[in-house]
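# Fold and contact review
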Amino acid sequence: MSEKVCSHHKSKRRKVLRRCCAGLLIFSFIVLLVFLIIWAILQPKKPRFTLQDATIFNLNVSAPNVISTTVQVTINSRNPNSRIGIYYDKLGVYANYHNQQITYYTVIPPVYQGHKDVNVWSPFIYGNNVPVAPYNGIALSQDQSSGGIRMTIKINGRVKWKVGTFVSGRYHIHVTCPVYIPLGNSKNNGIIIGNAVKYQLSQSCSVSV
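Here is a short report on the structure shown in this document. Computed from a prediction, not measured in an experiment: that's the story for all the values here.

Counting secondary structure elements, the protein chain contains two helices and 14 strands. Within the protein chain, buried positions represent 36% of all 209 residues.

Next up, the structure:
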């Protein structure tokens, strides 16, 4: 009798566990479905970035393959969503030359961007006596001859989306802003500010999330 009772209890437990698991799965599926429907209705859009200007304090090629850079850039970020907020987290700005990083990371403090809001940042990015890879030496020499350097201002970090009280997990964001910066003492089309020269750019940036 005792064995029959035990097997009966075990069978009952299994049924309860199966029902609990099935209930959890159904609940999770419904929550996910509702979230996806809301997400589709809201139609989230990526933030839009613009490189407004660059102020050159120092940009010198001191040796065939060595570059020193001190630049202040003004970056405009706009949230095009009317119902979705954006949390910017761990954003780092730096300069690239032919896919090689030539400045240190400059960190932008975390910030929340509301619906249709605009944020403007003006970080300094710099690198002293940074060696350029040998395969970029020829391109650097050509840029010197032409009187300017084509580089890329990059922003890497993480963002979170806010819909009502719901906040998503973190997503990687990559922003790329191509820019042409004159070398030496060239002040064509620039505004002299003390020992620096400011160039208006209004350059749209590509964004991937």
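Next comes the rest of the description.
It is worth spelling out helix α2 (residues 137–146) at this point. Taken as a whole, α2 has its buried residues at Gly137, Ala139, Leu140 and Asp143. The buried residues of α2 all sit within an arc of 160° when viewed along its axis, so they share a single face. In α2, the exposed positions angled more than 90 degrees off the buried face are occupied by Ile138, Gln142, Ser145 and Ser146. Looking at the buried side of α2, the elements it contacts are β1 (48–63), β3 (85–97) and β9 (148–163). Note on α2: the residue one or two positions beyond its end, Gly147, has a positive phi of about 95°.

Another point: the environment of Ile155. With respect to the helices and strands, Ile155 occurs in strand β9. Here the alpha-carbon distance between Ile155 and Lys90, two residues 65 residues apart in the chain, equals 10.0 Å. Beyond its immediate chain neighbours, meaning those up to four positions away, Ile155 contacts Phe49, Ile75, Leu91, Gly92, Val93, Ile173, His174 and Val175.

Enumeration over the complete set of coordinates arrives at one disulfide. In this model, Cys177 is linked to Cys205 through a disulfide, with the two sulfur atoms separated by 2.0 Å. One quick way to see it: the torsion about the S-S bond of Cys177 and Cys205 is about 110°, and its sign makes the bridge right-handed. With Cys177 in strand β11 (residues 171–182) and Cys205 in the loop between β13 (196–204) and β14 (206–208), this residue pair connects regions lying 28 residues apart in the sequence. There is no split in this pair, since Cys177 and Cys205 are both buried. The structure places no disulfide on Cys20, whose sulfur is separated from the nearest cysteine sulfur, that of Cys21, by 6.9 Å.

Rules of the game
- Residues numbered from 1 in each chain as written.
- Predicted model: local features only at pLDDT ≥ 70, side-chain atom pairs only at ≥ 80, totals over all residues.
- Heavy atoms only, no water.
- Helix = DSSP H or I, 4+ residues; strand = E, 2+ residues; numbered from the N terminus.
- Buried < 20%, exposed > 50% of the residue type's maximum accessible area, 1.4 Å probe, protein only.
- Arc of directions from axis to C-beta.
- Contact = heavy atoms within 4.5 Å.
- Disulfide = S-S within 2.5 Å.

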